[in-house]
Amino acid sequence: MKRIEESELIINADGTIFHLHLLPAQLADKVILVGDPGRVSLVASHFDEVEFQTANREFHTTTGTYQGKRITVVSTGIGCDNIDIVLNELDALANIDFITRTPREALRQLTIVRIGTCGGLQPYTPTGTFIASEKSIGFDGLLNFYAGRNEVCDLALEQAFVAHTHWNPLLCAPYVIDADEELLTRIAANDMVRGITISCGGFYGPQGRELRIPLAYPQLNKQIEAFTYQDKQITNFEMESSAVAGLSKLLGHKALTCCMVVANRRAQNADTNYQAQINKLITTVLNRI
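Let me sum up the structure you'll find in this document. (Residues numbered from 1 in each chain as written. Predicted model: local features only at pLDDT ≥ 70, side-chain atom pairs only at ≥ 80, totals over all residues. Heavy atoms only, no water.)

## Structural notes on a nonpolar patch on the surface
On the surface, Leu170, Leu171 and Tyr217 cluster together into a nonpolar patch covering about 300 Å² of accessible area. Among the secondary structure elements, leucine 170 is positioned in the loop between helix H4 (155–165) and strand E9 (175–178). (Patch = residues over 30% accessible without salt bridge, like charges linked within 9 Å, V, L, I, M, F, W, Y side chains within 5 Å. Areas by Shrake-Rupley, 256 points an atom, 1.4 Å probe, with all protein chains shown as cover. Salt bridge = Lys/Arg side-chain N within 4 Å of Asp/Glu carboxyl O. Helix = DSSP H or I, 4+ residues; strand = E, 2+ residues; numbered from the N terminus.)

## A word on the pattern of salt bridges
Applying the stated criterion across every chain, the model contains 16 salt bridges. Note that arginine 3 and glutamate 5 form a salt bridge whose closest N and O atoms lie 3.2 Å from each other. Arginine 3 gets classed as partly exposed once you look at its relative accessible area, which sits at 40%. Between glutamate 238 and arginine 114 there is a salt bridge whose closest N-O contact spans 2.9 Å. With glutamate 238 in strand E12 (residues 232–238) and arginine 114 in strand E7 (residues 111–120), the pair connects residues that are 124 residues apart, well separated along the chain. Each member of the pair, glutamate 238 as well as arginine 114, carries the same accessibility label: buried. Here the salt bridges share partners, and the residues they tie into one network are Arg3, Glu5, Glu6 and Arg101. (Buried < 20%, exposed > 50% of the residue type's maximum accessible area, 1.4 Å probe, protein only.)

## A look at helix H8 (residues 275–288)
Compared with the 20 Å implied by 1.5 Å per residue over 14 residues, the 20 Å span of H8 between its first and last C-alpha is a close match. Among the residues making up H8, those that are buried are Ile278, Leu281, Ile282, Thr284, Val285 and Leu286. (Expected span 1.5 Å × (residues − 1).)

## Examining the state of the cysteines
Summed over the entire model, instances satisfying the criterion amount to zero disulfides. The thiol of cysteine 153 is unpaired, and the distance to the nearest cysteine sulfur, on cysteine 80, comes to 12 Å. With no disulfide of its own, cysteine 259 lies 4.7 Å from the sulfur of cysteine 118, the closest cysteine sulfur. The class of cysteine 259 is buried, set by a relative accessible area of 1%. (Disulfide = S-S within 2.5 Å.)

Right, dumping it as structure tokens:
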């Protein structure tokens, strides 16, 4: 079994993993990811007991119990690049022996749910809508750096999307990844929209927002909104779901992203006063995870 070198898996002097500053024992099997570090305390405010807290950069972590379930909530910051750090380090905490620096023989499978906000792309996804990402299309290119990418992706949907949009090869090759089916059924139940989510590599230009720099592909959003595949449409934009689902699939974990719509791009409106509704999504996930 290969030994993972110090430069590949960086462990701090206190035995914690490099970015998250966590020890393996401090990680629960059930993990909630949020983008905003401030949202960690909002999730943890529902815990019956807090066991542990730490923070480093944008990565804030609290482990505690909720209705008998041990749960870790971690903030990732914004973007799939941060998800690359968080998912790999969570898996290392679960599945690598820090003493021998070798992978453990038995897989410790994590259940990971990202709770976030998003932009709705269809008339039936107005502000306040809860969307569970049944499939995620990654515009970020992250999964393309990992072996096994084709084996876990929906290649037929990828090809249909590339053909429909006349995808420019200067952009990252999109990849399509499914959420864990059992987790989707359990968390989304019958009161969330199940949709196809696009994870973008930025908030402005990559999502079709134009401020002072003109867009290179101003028709892309209309092409996205018009895309259908096996009677499914693209429902929302956000910035992390593809990496969460993709890396989890490659690593053997169960993952799902659930977002609340705070802006509808077709209606061109937004709701910045969404705290009560996001808290409702948090309690829904806590009850079902």
